[in-house]
Amino acid sequence: MKLISQPRVWLAVPLFVVMVTLLACATKKTFANHGLVVRPAAKPFLQMPGRAEGVLPRLLSQTGAFRDPAQLTPDAALIPYDLNVPFWSDGASKARWLALPGEEKIHFAATGEWTFPRGTVFVKTFFLATNELNPQSQRRLETRLLVCDADGGVYGVTYKWRADGSDADLLATNLTENIAIKTATGTRTQAWYYPSRADCLTCHTPLAGGVLGVKTRQLNRDFAYPASVTDNQLRAWNHLGLFDTNLNEAEIKNLPSLARATDTARSLTDRARSYLDANCANCHRPRGTVAYFDARYDTPLAQQNLIAGQVLIDQGIDRARTIAPHDPWRSILFLHVNTTSAIKMPPLAHNVLDEPAVARLREWIESLPGPEVVAPPEILPGGGNFPKPVEVALRAAPGTDIRYTLDGSAPTAADLLYEKPLRIETSTVLRAKAFKPGCEKSITVQAVFVVGE
């Protein structure tokens, strides 16, 4: 701005000086990682022990991660980063940093997981909006540290922030806290789960590489530095000298990259598979949890056993598949994502439904080619205990027939046709299914009614 407003000064400056100055500024903007132009020196493990059984700092301020915990000012050794598709954490936002020890390097891999030197520490702070009318009003909940230990594994710890935000205390075990959230109509309560050290290892497994989010397909993205200039995190880290190989900058754009939910330039399939990679692939991969599909984005779709894939547990649904094309009701993976009940996925620290992701997965499933499927009927009320006989209605889309049974068997086209509300006078298992000519029949739904004192 100064050179533009004072052209005479511009002319008085030797041309080579101007060129050098502009080149230096461009280099800082182009190669900087969130403002870093040189690699910071980090002490191995910061102030954390080399192994989980060592003496753990009782306060976050003692870990070496933050210069000023109250202001959340990280130590100069910490390198900030962001992910293309973050793991769902009940609506919380996160700030992430990495401390890479000494002159050690990250073992880079274009696909799969990276390998980090012993003494690397990952720092992640969670924030939750506590006022829906003012999303910027956020409470600092916890900071988790994941340490690459002295034996080649990892361990994790959780520090819970104090109410005044001055510091955070080490948790010895897991904890659930009910947090008040202001809404347009009053207040609701959200349960927040603080994980234990054992919980950390439930997800951060050796099979998944210990470290989950920091890999090529998650960091291969642009960010702003400053707001008017964009750069790629992989390119910036390459220039900071963090990798054990020198990346070919011209090829970075061709490396894998997960599709962000809002990136409509990427296909719906890409965005759905990216979500599954970030939220499911740590367990759902070969030799992982007991299931038949592979959620890793690196695995070609045709080899993931997702679409029309066989399921291990069908949840009592006829012709269930991992993803049943054009049929969200027979898609077992969708059933697990679309609930916070006992069968929810991911199973840990998950108390709030990721509604945008659920809608996106449903849209993807319904976009897959397949026969038209009848939506299952509703049972109103949906079962329960009743001191006296209860009237029950069944409801389905126009043009469909509802067949039902009262003996617990699966309804067929030959069973009773629903025509008017049913009077349930004794304890009964009511099951219903919808039929429509030319369409695939619905799945069976059921409700249990316990009648009497």
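Right above here is the structure, for reference.
Residues numbered from 1 in each chain as written. Predicted model: local features only at pLDDT ≥ 70, side-chain atom pairs only at ≥ 80, totals over all residues. Heavy atoms only, no water.

Asker: I keep staring at the overall build of the chain and nothing clicks. Help me out?
Answerer: Within the chain one finds 10 helices and 20 strands. Projected onto the principal axes, the alpha-carbon positions of the chain cover approximately 90 × 50 × 50 Å. The proportion of buried residues among the 453 residues of the chain is 45%. The long-range share in the chain, meaning contacts at least 24 apart out of those at least 6 apart in sequence, stands at 57%. When the 49 basic and 44 acidic side-chain charges of the chain are each reduced to a single mean position, those positions are 4 Å apart. (Helix = DSSP H or I, 4+ residues; strand = E, 2+ residues; numbered from the N terminus. Buried < 20%, exposed > 50% of the residue type's maximum accessible area, 1.4 Å probe, protein only. Contact = heavy atoms within 4.5 Å. Lys, Arg positive; Asp, Glu negative; His and termini not counted. Charge placed at Lys NZ, Arg CZ, Asp CG, Glu CD.)

Asker: What should I look at first to understand the nonpolar core in this one?
Answerer: Across soluble globular proteins, nonpolar side chains have a tendency to be buried as a group. By size, the foremost hydrophobic cluster in this structure holds 26 residues, and its most contacted members are Ile 106, Trp 114, Phe 122, Val 214, Leu 234 and Trp 237. Residue assignment for this core shows that the elements contributing at least two residues are strand 3 (79–81), strand 6 (138–148) and helix 6 (233–240). With 3 residues, helix 6 is the single largest residue contributor to this core. Counting residues in hydrophobic clusters, the runner-up holds 25 residues, among them Leu 56, Phe 66, Trp 97 and Val 157. (Core = buried A, V, L, I, M, F, W, Y, C linked by side-chain atoms within 4.5 Å.)

Asker: What is the right way to read the packing of aromatic side chains from this model?
Answerer: Any two aromatic rings considered together are summarised by their centre-to-centre distance and by the angle between their planes. Tallied over the full model, the rule gives 11 aromatic pairs. Plain terms: the ring middles of Trp 114 and Phe 243 are 5.2 Å apart, the flat faces sit at 75 degrees to each other, and that makes the pair edge-to-face. You can see Trp 114 sitting in the loop between strand 4 (93–99) and strand 5 (121–129) and its partner Phe 243 sitting in the loop between helix 6 and helix 7 (249–252), a full 129 residues away along the chain. Just as Trp 114 is buried, Phe 243 falls in that class too. Three or more aromatic residues joined by ring pairs form one cluster here, namely Tyr 81, Phe 108, Trp 114, Phe 116, Phe 122, Trp 237 and Phe 243. The ring of Trp 161 carries Arg 140 above its face, with NZ or CZ at 4.5 Å from the centroid. The cationic tip of Arg 273 hangs over the ring face of Tyr 297; the distance from NZ or CZ to the ring centre is 4.7 Å. (Phe/Tyr/Trp six-rings, centres within 6.5 Å; stacked < 30°, edge-to-face > 60°. Lys NZ or Arg CZ within 6 Å of the ring centre and 35° of its normal.)

Asker: What should I look at first to understand the sheet that holds strand 16 (residues 401–405) in this one?
Answerer: Strand pairs in the sheet, formed through backbone hydrogen bonds, run parallel or antiparallel to each other. A sheet is described by the order of its strands in space; here 5 strands give the open sequence 14-20-19-16-17, paired in mixed fashion. Edge positions in the sheet fall to strand 14 (384–386) and strand 17 (416–417), since each of these pairs with one other strand and no more. Taken together, the 2 bridges between strand 16 and strand 17 define a ladder with antiparallel strand orientation. Counted as the bridge partner of Arg 403 is Leu 417 from strand 17. (Pairing = 2+ DSSP bridges.)

Asker: Sorry, what's going on with the environment of Lys 344 here?
Answerer: Mapped onto the elements, Lys 344 comes out in the loop between helix 9 (332–337) and helix 10 (355–367). Note on Lys 344: relative accessible area 14%, which makes it buried. Residues Lys 344 and Leu 242, 102 residues apart in the sequence, show an inter-C-alpha distance of 38 Å. Setting aside residues up to four positions removed in sequence, Lys 344 forms contacts with His 336, Thr 339, His 350 and Asn 351. Side-chain polar atoms of Lys 344 contact the backbone oxygen of His 350, separated by 2.5 Å. (Polar contact = N/O pair within 3.5 Å; in protein donor to acceptor, adjacent residues only side chain to side chain.)

Asker: In this structure, what is going on with the environment of Leu 145? I would like to understand it.
Answerer: The topology assignment puts Leu 145 in strand 6. Remark: the alpha-carbon pair of Leu 145 and Thr 405, spanning 260 residues in sequence, is separated by 54 Å. Aside from chain neighbours lying at most four places away, what touches Leu 145 is Met 48, Leu 60, Thr 63, Val 121, Phe 122, Val 123, Tyr 155, Gly 156, Val 157 and Tyr 159.

Asker: Explanation requested: the pattern of salt bridges in the structure shown.
Answerer: When the charged atoms of two side chains with opposite charge come close together, those side chains can pair. Counted by the stated rule, this structure contains 25 salt bridges. For Asp 169, the salt bridge is made with Arg 162, and the minimal N-O distance between the two is 3.0 Å. Using a relative accessible area of 36% as the deciding quantity, one classes Arg 162 as partly exposed. Each of the salt bridges in this network shares a partner with another, and the network as a whole consists of Glu 113, Lys 215, Arg 217, Asp 277, Arg 285 and Asp 298. (Salt bridge = Lys/Arg side-chain N within 4 Å of Asp/Glu carboxyl O.)

Asker: Quick question: what am I supposed to make of a nonpolar patch on the surface here?
Answerer: Nonpolar side chains collect at one region of the surface, where Val 290, Tyr 292, Leu 312 and Ile 313 lie side by side and expose about 420 Å² of accessible area between them. In this fold, Leu 312 is placed in the loop between helix 8 (268–280) and helix 9. What makes Leu 312 partly exposed here is its relative accessible area of 43%. (Patch = residues over 30% accessible without salt bridge, like charges linked within 9 Å, V, L, I, M, F, W, Y side chains within 5 Å. Areas by Shrake-Rupley, 256 points an atom, 1.4 Å probe, with all protein chains shown as cover.)

Asker: Got a minute to help me understand the state of the cysteines in this structure?
Answerer: For the structure shown, the criterion picks out 0 disulfides. Lacking any disulfide linkage, Cys 148 is separated from the closest cysteine sulfur, that of Cys 200, by 13 Å. (Disulfide = S-S within 2.5 Å.)

Asker: I'm lost on helix 6 in this one. Help?
Answerer: Given 3.6 residues to a turn, an α-helix orients residues that are three or four positions apart in the same direction. Counting buried residues in helix 6 gives 6 out of 8 residues, a clear majority hidden from the surface. The complete set of buried residues in helix 6 reads Gln 233, Leu 234, Ala 236, Trp 237, Asn 238 and Leu 240. With a side-chain oxygen positioned 2.8 Å from the backbone nitrogen of Leu 234, the residue opening helix 6 is Asn 232. Positive backbone phi, approximately 80 degrees, marks Gly 241, located one or two places after helix 6.

Asker: Just to check I follow, could you spell out helix 10 for this structure?
Answerer: The first and last C-alpha atoms of helix 10 sit 18 Å apart over 13 residues, in line with the 18 Å expected at 1.5 Å per residue. Within helix 10 the residues assigned to the buried category are Ala 357, Val 358, Arg 360, Leu 361, Trp 364 and Ile 365. For helix 10, the arc enclosing every buried residue in end-on projection is 165 degrees, short of the 170-degree limit, so these residues lie on one face. Every exposed residue of helix 10 that faces more than 90 degrees away from the buried side is listed here: Glu 355 and Pro 356. Looking at the buried residues of helix 10, the elements they touch are helix 8 and helix 9. (Expected span 1.5 Å × (residues − 1). Arc of directions from axis to C-beta.)

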